[in-house]
Each structure stands twice: as C-alpha cells, then as structure tokens.
Amino acid sequence: YAELAGLPAITGLYTSIMCLLAYALFGPSRILVLGPDSSLGPMIAATILPLVGADGDPAKAVALASMLAILVSAFMIAAGAAKLGFVADLFSKPTQIGYMNGLALTILVGQLPKLFGFSVDADGFIDELRGFVQGLVDGDTLPAALAVGVAGLAVILVLNKVAPKIPGVLVAVVGAIIASVVFSLGDEGVSLVGTLPQGFPPFTIPGVAWRDLGLLVAGALGITLVSLTDTISTSSAFAARTGQEVDANQEMIGIGTANLAAGLFQGFPVSTSGSRTAVAEQAGAKSQLTGVVGAAAIVAMLLVAPGLMRNLPQPVLASV
C-alpha cells in the first residue's frame, strides 16, 4: 500500500503501528482495524507525486504524505467535534448487508491472483476479475504457490470448524514458514515476504513548503470524504453483526487521532481496513487490545527480528 501511494515500503509498517495504537486509545469500535488502504493509495499518490517533482526524492515524498495525514486528522476531528456523525444514520440495514457482501467479493477477487502465484495490474473489481481470469487462461498459475496457499486455507477452515479455540491463522502462517524452508519454495518461484527493514521511526514534524499546502489541503479533503464514508459503512456493518451501536462522532475523532499519530511518525493517511477487520473478527477479537498486540508485534519484528517473516509465502497471506 505504501508503494501504491508512491512511498518507501517501510512507511506502511510505520503507519500501521501508530494508527493502531492511537485508535485503540480514542476509537469507539471494539473490533474495527485501521491501516493503509487500497482506496486511499492512488489518492495519496495523485496528491504528492506532482509535488515531489522529477527527482522523486523519497524524503520529500514522506514529508508530504505525513503532512497530508495531519491535514486529514484536522478535518476528521473537526467533523467529529461538529457532530456530523448523523451521516451514519443514513445507511440502512440493506445497504450495510450489501456493503459487506461487496466487501467480501472485492477482497476475494483481489486475493485470488496472489493465491494462484501471479499478480494482476488492475484497479477495481471488474478489471481485477478480468485480469485474474486472463492470468488463468494464459497459464500464469504457479503450482507450488497454489498448493501452499490452498493448504493454508484448508488449515484455517478445518481448525475453525473442528477446533475453534486454536488460532487457525497462526497455525497456517507458522506451518507455511516451515514448509517454505523445508521445500525451498522461494527457489520454486513462490513469492515470499522477505526481510523487513530494521528500526523504528522517530517523532517528526513534517516540513513542507507553503506553496504545496494548497494541493495538500485539496487532497486531504478528498481523502477525508472517502475515509469517512468507508469507515462509517464498515463500522455500521460490523456493529450490526455483533449488536453494537456506532458512535459516529467519536468514530471520526478516533480516525482523526489515528491519522495524526501516523503523520507524526513518518506515516501517511489511513482508513478502515475491511479485510483486516474481517480477519480480526474471524480470529475472535473482542476489543482494541487486538490492535495493540498487532502494533507491538510489528515493533518487535522491526527491532528484534526483522527476518522472522522472510520465508512466509505470499499465497498464504492470500488464504488468510
């Protein structure tokens, strides 16, 4: 997602850490998971890349993206303080159900190419589906990738059915790493996660030129609107499934503080992650402690064991 936004890949992890911690403190939803989002990536890129210039300076790109997150934070918190959360009341139950089904189909189609061992350069449900089918027709499927991905999916489904107390996702991930080493799946062409960069981002107040603020403000307004709509839709849909109620005004403030935290630690704008929220729900998450543990795990890997996940096959992430 960071690369989709025109930023160094490591900034995606920095963003994930800070937004999870901030939302755990200020967000009202017990289960909602925030993070970098595919719908925001192109919007971030469209805003900052014209300002970065021909030299493509990564440091400048990060500073611009961080300022963009801070501006989104300001707009979100202002909207929450102004009690504009009534937008949540406009989403009917059929709309929520349709959104969840659409979200499920979008996630499914987006992950299928990775499960089959190839990638699709497309944007949007129809284009991604067409690209996946074309990849199958062209014979792009990698048998080793499909085998490990399907095996991971089987482990998750079977354990969820026969032993729901056992974390099937964790078992599948650990098993896939072991299989990757034993069978040298990387040598068979299976895409692996690879070694993560080491270290933690320092607290940074991004410095940008005054002349760049106009485009950044315009981009931040667009990102705020998309993030707000996505967040309210997702939180309402998941709340309806668990019998909870959505505090839309506090939700805006929670998203705003998450963006502020990301912007102050070399991150970029974030929104609700439907796929990660679904994974959290599937794993039995009951509170935002899930996000705190997730953030702590990322920090631990970056500081202590950046190579821990290097042999994890990408198809298994697709099965998750």
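This text gives an overview of the structure that appears in the document. (Residues numbered from 1 in each chain as written. Predicted model: local features only at pLDDT ≥ 70, side-chain atom pairs only at ≥ 80, totals over all residues. Heavy atoms only, no water.)

## Looking at the packing of helix H1 (residues 10–26) against helix H11 (residues 289–303)
Two numbers describe how H1 lies on H11: the axes approach to 8 Å, and their chain directions differ by 145°. Where H1 crosses over H11, the handedness of that crossing is left-handed. Contacts between H1 and H11 pair Ile-10, Leu-13, Tyr-14, Ser-16, Ile-17, Leu-20, Leu-21 and Ala-24 from the former with Gly-291, Val-292, Gly-294, Ala-295, Ile-298, Val-299 and Leu-302 from the latter. For the contact of H1 with H11, a count of residues per class yields 12 nonpolar, 3 polar and no charged. (Axes fitted to C-alpha atoms, helices over the stretch in contact; angles between N-to-C directions. Helix = DSSP H or I, 4+ residues; strand = E, 2+ residues; numbered from the N terminus. Left-handed = near helix turned anticlockwise from the far one by under 90°. Contact = heavy atoms within 4.5 Å. Nonpolar A, V, L, I, M, F, W, Y, C, P; charged D, E, K, R; others polar.)

## Some words on unusual backbone geometry
At Ser-184, a residue that is not glycine, the phi angle is positive and equals roughly 50°. Relative to the helices and strands, Ser-184 resides in the loop between helix H7 (168–182) and helix H8 (213–242). The phi dihedral of Gln-266 is positive, around 60°, even though this residue is not glycine. Here Gln-266 is to be found in the loop between helix H9 (248–263) and strand S2 (271–272). For Gln-266, a relative accessible area of 24% puts it in the partly exposed group. (Buried < 20%, exposed > 50% of the residue type's maximum accessible area, 1.4 Å probe, protein only.)

## Here's the deal with helix H6 (residues 143–162)
Its 20 residues place the ends of H6 28 Å apart at the C-alpha level, agreeing with the 28 Å of an ideal helix rising 1.5 Å per residue. Listing the buried residues of H6 in full gives Ala-145, Val-148, Gly-149, Gly-152, Ile-156 and Leu-159. Angularly, the buried residues of H6 cover 105° about the axis, an arc narrow enough to put them on a single face. Turned more than 90 degrees away from the buried face of H6, the exposed residues are Pro-143, Leu-157, Lys-161 and Val-162. (Expected span 1.5 Å × (residues − 1). Arc of directions from axis to C-beta.)

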